[in-house]
Amino acid sequence: MSSKIKEHWEKVFTSKTEDEVSWFQPYPKTSVEFLELFNLPIDANIIDIGGGDSHLVDVLIEKGYSNIYVLDISENALNRAKQRLGDEANKVHWIVSDVTEFKPGVRFDYWHDRAAFHFLTTKENIDKYVGIAEKAINKNAYLILGTFSEQGPDKCSGLEVKQYSEASMSHRFEKSFKRIKCITEKHLTPFNTTQDFLFCSFQKK
Ligand SMILES: C[S@@+](CC[C@H](N)C(=O)[O-])C[C@H]1O[C@@H](n2cnc3c(N)ncnc32)[C@H](O)[C@@H]1O
């Protein structure tokens, strides 16, 4: 993918504070609710794709998970999360990579992505993401995807995004994943506006 995309995200995470971006959540409630549905073993391999400086990793550490991975195209984003966590950051595997070029060294029991997948707008990049997830996620393991819904914005951070419905998201993953549950969420931005999200969970066949 273009290095312009990486430059874009590196700049976002140096020029704006965490609560100056629309996607900020002090507590990732919906993501935690999905996590709690699946009763993962404490040593499950868990990855947050495009995790940025999300506070989900704080919750994963707090819950005692011992194999946590956070991947993001922006090193600045991950550095910000590391700084917030202090010594606790050593409990996490940090991966700077474009997800479409990710070569996982392990297989995952739980793959979470809030608001990263929807930035992939070409068939080529979407196919790459799905192919990588298919290989990297264990049989019977979980994939949780949060994107803008069809009622959500068509841009984020100045970039075009792809909106999804339950049907269109499921269609992308149906070859290798069974849909479990979808919910919609109205995300309240730090600017007191709302954004319509769709979250779906899938299980690897
Ligand atoms: C809207 S933010 C969401 C961040 C985080 N998931 C959250 O919920 O706070 C999108 C994130 O995806 C990352 N990202 C965008 N395109 C990416 C790509 N191709 N590969 C990996 N990360 C990407 C960005 O750097 C950014 O951290």
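For the structure, check the block above.
Remember, predicted model here, so these are calculated numbers, not experimental data. (Residues numbered from 1 in each chain as written. Predicted model: local features only at pLDDT ≥ 70, side-chain atom pairs only at ≥ 80, totals over all residues. Heavy atoms only, no water.)

### Here we look at the packing of aromatic side chains
The full count for this structure, using the stated rule, is 20 aromatic pairs. Their ring planes at 50° and their centres at 4.7 Å tell us that Phe117 and Tyr129 sit as a pair that is tilted. Of the two residues, Phe117 sits in the loop between strand 4 (108-114) and helix 5 (123-136) while Tyr129 sits in helix 5, which places them 12 residues apart along the sequence. Classification of Tyr129 by relative accessible area gives buried; the value is 1%. With a centroid separation of 5.3 Å and an interplanar angle of 25°, the aromatic rings of Phe117 and Tyr164 are classed as stacked. Separated by 47 residues along the polypeptide, Phe117 in the loop between strand 4 and helix 5 and Tyr164 in the loop between strand 7 (159-160) and helix 6 (166-173) bring together distant segments of the chain. (Phe/Tyr/Trp six-rings, centres within 6.5 Å; stacked < 30°, edge-to-face > 60°. Helix = DSSP H or I, 4+ residues; strand = E, 2+ residues; numbered from the N terminus. Buried < 20%, exposed > 50% of the residue type's maximum accessible area, 1.4 Å probe, protein only.)

### Considering the site of the ligand
Close to the ligand lie 19 residues, the nearest being Gly50, Asp72, Asp98, Val99 and Arg114. Contacts to the ligand include Ile73, whose backbone N or O atom sits 3.2 Å from a nitrogen atom. Coverage of the ligand by the protein chains reaches 97% of its 590 Å² of free accessible surface. When contributions to the shell around the ligand are tallied by element, the ones reaching two or more residues are helix 1 (3-15) and strand 2 (67-72). (Near = heavy atom within 4 Å. Polar contact = N/O pair within 3.5 Å; in protein donor to acceptor, adjacent residues only side chain to side chain. Areas by Shrake-Rupley, 256 points an atom, 1.4 Å probe, with all protein chains shown as cover.)

### Things to note about the environment of Phe24
Looking at the element boundaries, Phe24 is found in the loop between helix 1 and helix 2 (29-37). Residue Phe24 is classed as buried on the basis of its relative accessible area of 16%. Expressed as a C-alpha distance, the spacing of Phe24 and Asp196, which sit 172 residues apart in the sequence, is 14 Å. Here Phe24 is in contact with Glu18, Asp19, His55, His187, Leu188 and Pro190, once residues within four sequence places are set aside. (Contact = heavy atoms within 4.5 Å.)

### Quick look at the side chain of Ser22
Relative to the helices and strands, Ser22 resides in the loop between helix 1 and helix 2. Residue classification places Ser22 among the buried positions, given a relative accessible area of 13%. In this structure, Ser22 is in contact with Cys156, His187, Thr189, Pro190, Phe191 and Gln195, ignoring residues within four places of it in sequence.

### Re the sheet that holds strand 1 (residues 45-49)
Taken together, 7 strands build an open sheet; the order of strands is 3-2-1-4-5-9-8 and the sheet is mixed. In this open sheet, the two strands that pair with only one neighbour each are strand 3 (92-96) and strand 8 (177-188). Between one strand and the next, the sheet's axes are offset by a mean angle of 15°, whatever the strand orientation. Alignment of strand 8 against strand 9 (residues 194-204), held across 11 bridges, turns out to be antiparallel. Across the sheet, His187 pairs through a bridge with Gln195, a residue of strand 9. (Pairing = 2+ DSSP bridges. Axes fitted to C-alpha atoms, helices over the stretch in contact; angles between N-to-C directions.)

### Points about the packing of helix 1 against helix 4 (residues 75-85)
Between helix 1 and helix 4, the shortest axis-to-axis distance is 7 Å and the interhelical angle comes to 30°. Facing Lys6, Glu10, Phe13 and Thr14 of helix 1, the residues of helix 4 in contact are Glu75, Asn76, Ala77 and Arg80. The residue inventory of the contact of helix 1 with helix 4, partitioned by class, reads 2 nonpolar, 2 polar and 4 charged. (Nonpolar A, V, L, I, M, F, W, Y, C, P; charged D, E, K, R; others polar.)

### Focus on the pairing of strand 9
A regular strand carries its side chains on alternate faces of the sheet. Here strand 9 lies mainly inside the structure; 10 of its 11 residues are buried. Of the pairings in the sheet, the one linking strand 5 (residues 137-148) to strand 9 comprises 7 bridges and is antiparallel in character. Of the residues in strand 9, the one forming a bridge with Gly146 is Phe199. The loop that links strand 8 with its antiparallel partner strand 9 comprises 5 residues; one of these, Asn192, has a positive phi angle of about 65°.

### What about the state of the cysteines?
In total, this model carries 1 disulfide according to the counting rule given. A sulfur-sulfur separation of 2.1 Å characterises the disulfide bridge that pairs Cys182 with Cys200. In this structure, the disulfide formed by Cys182 and Cys200 twists by about 110° around the S-S bond and is classed as right-handed. Pair noted here: Cys182 is in strand 8 and Cys200 is in strand 9, with a separation of 18 residues, a long-range link. One exposure class covers both Cys182 and Cys200, and it is buried. (Disulfide = S-S within 2.5 Å.)

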